[in-house]
Number of protein chains: 4
Amino acid sequence: MIIIMSTKATTTEIDGVVKRLEDRKVGVHMSQGAERTIIGVIGDRELVSRLEIEGMEGVERTVSILQPFKLVSREFHPENTIIDVGGVKIGGEEIVVIAGPCAVENEKQLIESAWIAKTRGAKILRGGAFKPRTSPYSFQGLEEEGLKLLSKAREETGLKVISEVVNPRDVDLVASYVDIIQIGARNMQNFTLLREVGKLDKPVMLKRGMSATIEEWLMAAEYILAEGNHQVMFCERGIRTFETYTRNTMDISAVPLVKRLSHLPVIVDPSHGTGKWSLVSPMSKAAVAAGADGLMIEVHNNPQKALSDGPQSLNDDNFASLMQELVSVIHAIGRTCDFGDFLEKEKGFCCEE
Amino acid sequence: MIIIMSTKATTTEIDGVVKRLEDRKVGVHMSQGAERTIIGVIGDRELVSRLEIEGMEGVERTVSILQPFKLVSREFHPENTIIDVGGVKIGGEEIVVIAGPCAVENEKQLIESAWIAKTRGAKILRGGAFKPRTSPYSFQGLEEEGLKLLSKAREETGLKVISEVVNPRDVDLVASYVDIIQIGARNMQNFTLLREVGKLDKPVMLKRGMSATIEEWLMAAEYILAEGNHQVMFCERGIRTFETYTRNTMDISAVPLVKRLSHLPVIVDPSHGTGKWSLVSPMSKAAVAAGADGLMIEVHNNPQKALSDGPQSLNDDNFASLMQELVSVIHAIGRTCDFGDFLEKEKGFCCEE
Amino acid sequence: MIIIMSTKATTTEIDGVVKRLEDRKVGVHMSQGAERTIIGVIGDRELVSRLEIEGMEGVERTVSILQPFKLVSREFHPENTIIDVGGVKIGGEEIVVIAGPCAVENEKQLIESAWIAKTRGAKILRGGAFKPRTSPYSFQGLEEEGLKLLSKAREETGLKVISEVVNPRDVDLVASYVDIIQIGARNMQNFTLLREVGKLDKPVMLKRGMSATIEEWLMAAEYILAEGNHQVMFCERGIRTFETYTRNTMDISAVPLVKRLSHLPVIVDPSHGTGKWSLVSPMSKAAVAAGADGLMIEVHNNPQKALSDGPQSLNDDNFASLMQELVSVIHAIGRTCDFGDFLEKEKGFCCEE
Amino acid sequence: MIIIMSTKATTTEIDGVVKRLEDRKVGVHMSQGAERTIIGVIGDRELVSRLEIEGMEGVERTVSILQPFKLVSREFHPENTIIDVGGVKIGGEEIVVIAGPCAVENEKQLIESAWIAKTRGAKILRGGAFKPRTSPYSFQGLEEEGLKLLSKAREETGLKVISEVVNPRDVDLVASYVDIIQIGARNMQNFTLLREVGKLDKPVMLKRGMSATIEEWLMAAEYILAEGNHQVMFCERGIRTFETYTRNTMDISAVPLVKRLSHLPVIVDPSHGTGKWSLVSPMSKAAVAAGADGLMIEVHNNPQKALSDGPQSLNDDNFASLMQELVSVIHAIGRTCDFGDFLEKEKGFCCEE
């Protein structure tokens, strides 16, 4: 940390800051300029992060040198983390697709959607059982009944399943049914919830908050890792900007940025990111081209009847086309995929390197 | 709701939409333009809010006519709601000031800060016992120990107390110690938590989320009212924008807007809203001039030693000046205050109407 | 400026940076930490602002110590600048109100609006002759004909006049008719235009760009002062955020901030800032309470027939009420006003200190 | 347009609105709901865009049905527009790369950079002669001298050239030297400048303003087309958000959106969009994968010595790698490129379909 003193700081004020630093046993490096004094602080990352200097008299501002995140940083762990979800590897060479409906509505809807996901090459089934909805009068999810249906879909199709938890009290319940626990955008800084899932031995997908900076997002993951659970993947789902044509503005540049700053995998959710099914395909290709490790796509057996987020869901045909088009982009950037038999011809071309 | 069909919508698609509406028993009003068909939907607010039309084929977009909030709306409850916090009335003629440190740190700090608050005319003491912090390595609060200290400060000074709850499991615990429960900005859409405090018979202060629209904010309050607790006050604390000179951008226009849309009181927090103590005074005056019912101000017995948010806290002198300056503005807009003896001279002038 | 070298910077890279600095004759202060080297740069503000260090190898980032603005800064000019517009003083004790229609539409509309402005206490008449409009199919202004009508209104009412210039070619033309030249939000970084008005001996009002940071805004003013014209006043008119209830989000905190950073006057335009006439009154009071030197308010003799921005214009009644309410707030913060006879009773109370 | 009347609108107010519409000869369609009246307006796009209804009494709000843009819309012109820049086709099957330095600094720099661009497969050379800079103390460009150097570079390398115009007075001058005129982000709503370039018979590249909505961007292009010049291409260059890790947030979803709404080509500038050279390559691939028709990339013969935007410029090696990687992505999405000899092996694979 660098402390920039005001041009009007008195010797007493400067001495006060130095004394405080020395009391806390951190190193001090003074630099006396023509106009003002600048104080370098040398010390342990956590120790420095706990110093509270900004309010002291004579201090104009402070500048962090160290990144505030540690366990999630690539400096700390240079190799890519590969998360093994019951045999499905996320963060390695292979691009993994998660697909399914926004909300679990009933058995028929979920099982049919699951078979679409499975047939077209997805490895993991998504489906919300606990839905955070802006209005208390909107459909809020089937809760445990929804988790049981996800379990059933897993048995029938062999897909792994992911679902969101919103209540710290339900963490064990949700964890007992799913293969990946999802923390939604609205809960990215629900630190109680982050700590709870940090105690699990189960992969966690951490969605980016609507207005979360990349630093805040990494720090939210740090909460989970700090509790012992290092199986965290990020999910970019769009940020809130002034633009209203799209539901959110997808921050595709977050993908290469987070891959550079952190060793953890990055998934992209173009369905929530854009809110329009017609943009899901181009944005999926863009995400993969930018370096995403996987995609999460809303697929519904009958999008027109969806109880939640219908306008952004793909049906079987759209999803099949998307997966077909993705194969070439995945190949073009030197990564692999295993989308199964339906792409027989492409498979030989793309995925058997 | 108005449904705008695409210029290319077929008769079958239009009929499909109409059938769906009729199946759900809502009224339909067709309007056939030269270029496209527009369908008006007539029906109960909640029923219409559950229709999922946007994903249907041939639909270009839908436009809401009804506001989605109900219990919080001024249409539903035309008179101002006045919340009685053990005799302190919020939402009436009187401007109420809440003051105290960001976090409860120890007994000396809290009691000294409480006496500053009391002496200068605040009626309610703030102090965080559970602190949501961006970094897991920052001070997280004294938890129940902090609540006990707040209780003690209440006994000594007679001030009412407000503190934040972050975990649904702690709602009853926090409620047993405080007079107002605070829901922080990061938890504005923690719907689990909103429902829990909705079951209490205790006032709730709902801070605006960093990137929450006014509609989302009102809908979050709707969650609390829908559970039966109508003692909700809003707190504007700045929104996240591109501007970096201030920690947040205070949306002062939200004050008159929310007062118009809703019957519930609106408090303003200029300390978090700006992040700079030197802006607290002008922004407090602006908030009151714009129609706020109260202010929440960070005051610390020794801001330079604060463990959290030092740079935005006032000390005794600054706070005394602020309160003195506020009196004239409160008078100028025709409202009242009761800041006690320290403003002896002003009192006769302002507060005894 | 402080240069933070990467943890992986080689000695050669560090030497490269130092050599470049020394070649440019700026002072260098090395600080060797455990993890990385930090280089302090000591030198003249303009010289340092021209260094291009960020792209050099081994450099992680640079941190500015000096503010980039100079002539506009309060450090450079500690006293408030008071601009004399033909006897109307802006930036002193008195709060000055500018009022009038968004666009000059015809003689009747302008003269009637001017008399409303005059009667209710405004000192300056606004009216757009050249209108920047989002659509090429919207009304674009009466151009020189509009300027002539403004001139006529000035003769009849004695008000000073302000109007916007959008084309560098029209600067002399507009300057020949008006008392203050306005640079609109969309042209805040039209540097050609800024330089042109910088050559005039005429006051300039510089509106904040929709997404301009405070620093960019001050730098835009620096362009005008650098050409020799120091009669610049700022006008905050709302910034673009995610919120859609209001046309823009008024950044009231910009008022005290800019007053602190600069010696130039600050005006607030709550009509464009909110886009809703019902918010103009509360936001006007808030702006004055926060320290604004004046207000710019849209007033129209018949807002319902306005060709531009009708929904945000006040009529005579609303404007009269606003001015009446403003008087007490102006008094409460210790400033003065001279709104004339119509406030006979208030005048004695407020404005004759 | 649909007019939503207030629930409290009187019969007189409703009649007033209807009368105004009928006076302007537009069709009216009344819809009387239980709670309020809704009025549909039927008529010519331009006529309706000139109605000023929002300020009328009893009107709650209006909803546009027609898109406000016309000549730029795909409805008006269903086929892709292909712009022919002296034989280089933009908007067709081929992906075109524009490359070169941010600013023209001197002959050596420009010619060397031009040869890098040429050798690696770019077809068009960029280089700023008139530079809009935040600070009046930063390098502002070589002006006409820079244009002459661009001309020289064109002669030597055979590349087409693009350069920015900032002053309406310089439009003819710049047009006489370049093959494409660029309108920069800060001038996107400089309507005077838009109209001037609209009178030319020369391609124009219109960059998106930092906080411009997609609708405003399309309307800015409408200004140019409305003057007769239909050779307009868009350039997405990032928007301003709260995120500070990147200089701007690239809105990649704008690419497929604008391609859907308009027939005009879309270029992407990942250099300004991210501000970091290390993100240029992943974002270039993402842009192409999302459907961009071309890229504009900052390339400098010696980025470390660049007078402007060094940190975001590629050198020869980086640029060569980028072009090589792009080829596979271009192929993967079924488009073509002609990057010349240096990619001999890839050429056979990719670009000779």
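Check the entry above for the structure.
Report follows, based on the coordinates. Fair warning: this is a prediction, and the values are worked out from it, not measured in the lab. (Residues numbered from 1 in each chain as written. Chains lettered and ligands numbered in written order. Predicted model: local features only at pLDDT ≥ 70, side-chain atom pairs only at ≥ 80, totals over all residues.)

### Here's the deal with the interface of chain A and chain D
Next up, step 1: The interface is formed by 31 residues belonging to chain A together with 31 residues belonging to chain D.
Next up, step 2: Residue assignment for the side of chain A that touches chain D shows that the elements contributing at least two residues are α8 (254–261), α10 (277–290) and α11 (316–332) of chain A.
Next up, step 3: Looking at the side of chain A that touches chain D residue by residue, the classes come out as 17 nonpolar, 11 polar and three charged. (Contact = placed C-beta atoms within 7 Å. Helix = DSSP H or I, 4+ residues; strand = E, 2+ residues; numbered from the N terminus. Nonpolar A, V, L, I, M, F, W, Y, C, P; charged D, E, K, R; others polar.)

### Things to note about helix α4 (residues 144–157) of chain C
Residue and element names in this part refer to chain C.
Next up, step 1: With 14 residues, α4 should reach 20 Å at 1.5 Å per residue; the first-to-last C-alpha distance of 20 Å fits that figure.
Next up, step 2: Those residues of α4 not exposed but buried are G146, L147, L149, L150 and A153. Viewed end-on, α4 has its buried residues packed into an arc of 160 degrees, placing them on one side of the element. Facing away from the buried side of α4 by more than 90 degrees, the exposed set consists of E145 and E155.
Next up, step 3: Residues of α4 that are buried make contact with α3 (107–119), β8 (124–126), β9 (160–164) and α5 (171–177). (Expected span 1.5 Å × (residues − 1). Buried ≥ 20, exposed ≤ 12 C-beta atoms within 10 Å, placed from the backbone. Arc of directions from axis to C-beta.)

### Digging into the relation of the copies chain A and chain D
Next up, step 1: In the superposition of chain A on chain D (RMSD 0.0 Å, axial shift 0.0 Å), the rotation amounts to 180 degrees. What the superposition gives is, in effect, a two-fold axis relating one chain to the other. Closest approach to the rotation axis among the C-alpha atoms of chain A is made by A286 of chain A, whose C-alpha sits 2.0 Å away.
Next up, step 2: Most of the interface of chain A is mirrored in chain D, where 100% of its interface residues again form contacts. (Least-squares fit on C-alpha atoms with pLDDT ≥ 70 in both.)

### Quick word on the sheet that holds strand β13 (residues 266–268) of chain D
Residue and element names in this part refer to chain D.
Next up, step 1: Within the closed barrel, the eight strands sit side by side as β7-β8-β9-β10-β11-β12-β13-β14. Their pairing is parallel. Ignoring which end each strand starts from, the neighbouring axes of this sheet average 25 degrees apart.
Next up, step 2: Taken together, the three bridges between strand β10 (residues 180–183) and strand β11 (residues 204–207) define a ladder with parallel strand orientation. Following the sheet pairing, Q182 is matched in β11 by M205.
Next up, step 3: In the packing of helix α8 (residues 254–261) onto the sheet, the strands contacted are β12 (232–236) and β13, and the crossing angle to β13 comes to about 165 degrees. (Pairing = 2+ DSSP bridges. Axes fitted to C-alpha atoms, helices over the stretch in contact; angles between N-to-C directions.)

### Some remarks on the interface of chain C and chain B
Note on interface size: it is often stated as the accessible area lost on association of the parts.
Next up, step 1: Facing the 31 residues of chain C at the interface are 31 residues of chain B.
Next up, step 2: In terms of residue count, the dominant contributor to the side of chain C that touches chain B is helix α10 (residues 277–289) of chain C (six residues).
Next up, step 3: Grouping the constituent residues of the side of chain C that touches chain B by class yields 17 nonpolar, 11 polar and three charged.

### A look at the relation of the copies chain C and chain B
Next up, step 1: The transform that puts chain C on chain B rotates by 180 degrees and translates by 0.0 Å along the axis, for an RMSD of 0.1 Å.
Next up, step 2: A shared interface surface links the copies, since 100% of the contact residues of chain C are contact residues in chain B too.

### As for the environment of H230 of chain C
Residue and element names in this part refer to chain C.
Next up, step 1: Topologically, H230 is positioned in the loop between α7 (214–226) and β12 (232–236).
Next up, step 2: Since 19 C-beta atoms lie within 10 Å of it, H230 is described here as partly exposed.
Next up, step 3: Linking H230 and K199, residues 31 residues apart in sequence, is a C-alpha distance of 10.0 Å.
Next up, step 4: When residues no more than four places from it in sequence are discounted, the contact partners of H230 are T81 and L225.

### Considering the sheet that holds strand β11 (residues 204–207) of chain C
All names here are of chain C.
Next up, step 1: The parallel closed barrel is built from eight strands, whose spatial order is β7-β8-β9-β10-β11-β12-β13-β14. In this sheet, adjacent strand axes meet at a mean angle of 25 degrees when their direction is disregarded.
Next up, step 2: As defined by bridge partners, β8 adjoins β9 across three bridges and the pair is classed as parallel. By the bridge assignment, R126 is partnered in β9 with I162.
Next up, step 3: In this fold helix α8 (residues 254–261) packs onto β12 and β13 (266–268), with an angle of close to 165 degrees to the strand it touches most, β13.

### With respect to unusual backbone geometry
Residue and element names in this part refer to chain A.
Next up, step 1: For E143, which is not a glycine, the phi torsion comes out positive at approximately 55 degrees.
Next up, step 2: Note on placement: E143 falls in the loop between β8 (124–126) and α4 (144–157).
Next up, step 3: By C-beta crowding, E143 is classed as partly exposed, having 16 other C-beta atoms within 10 Å.

### Details of helix α1 (residues 11–23) of chain C
A turn of α-helix holds 3.6 residues, and therefore any two residues three or four places apart point the same way.
Residues and elements named next belong to chain C.
Next up, step 1: Look at α1: 18 Å from first C-alpha to last across 13 residues, which is about the 18 Å you get at 1.5 Å a residue.
Next up, step 2: Along α1, the residues classified as buried are I14, V17 and L21. Taken end-on, α1 shows its buried residues confined to a sector of 65 degrees, consistent with a single buried face. Exposed residues lying more than 90 degrees from the buried face of α1 are T11, T12, D15, K19, E22 and D23.
Next up, step 3: Lining the buried residues of α1 we find β1 (2–5), β2 (27–32), β3 (37–42) and β4 (59–63).
Next up, step 4: Phi turns positive, to about 65 degrees, at K25, one or two residues after α1.

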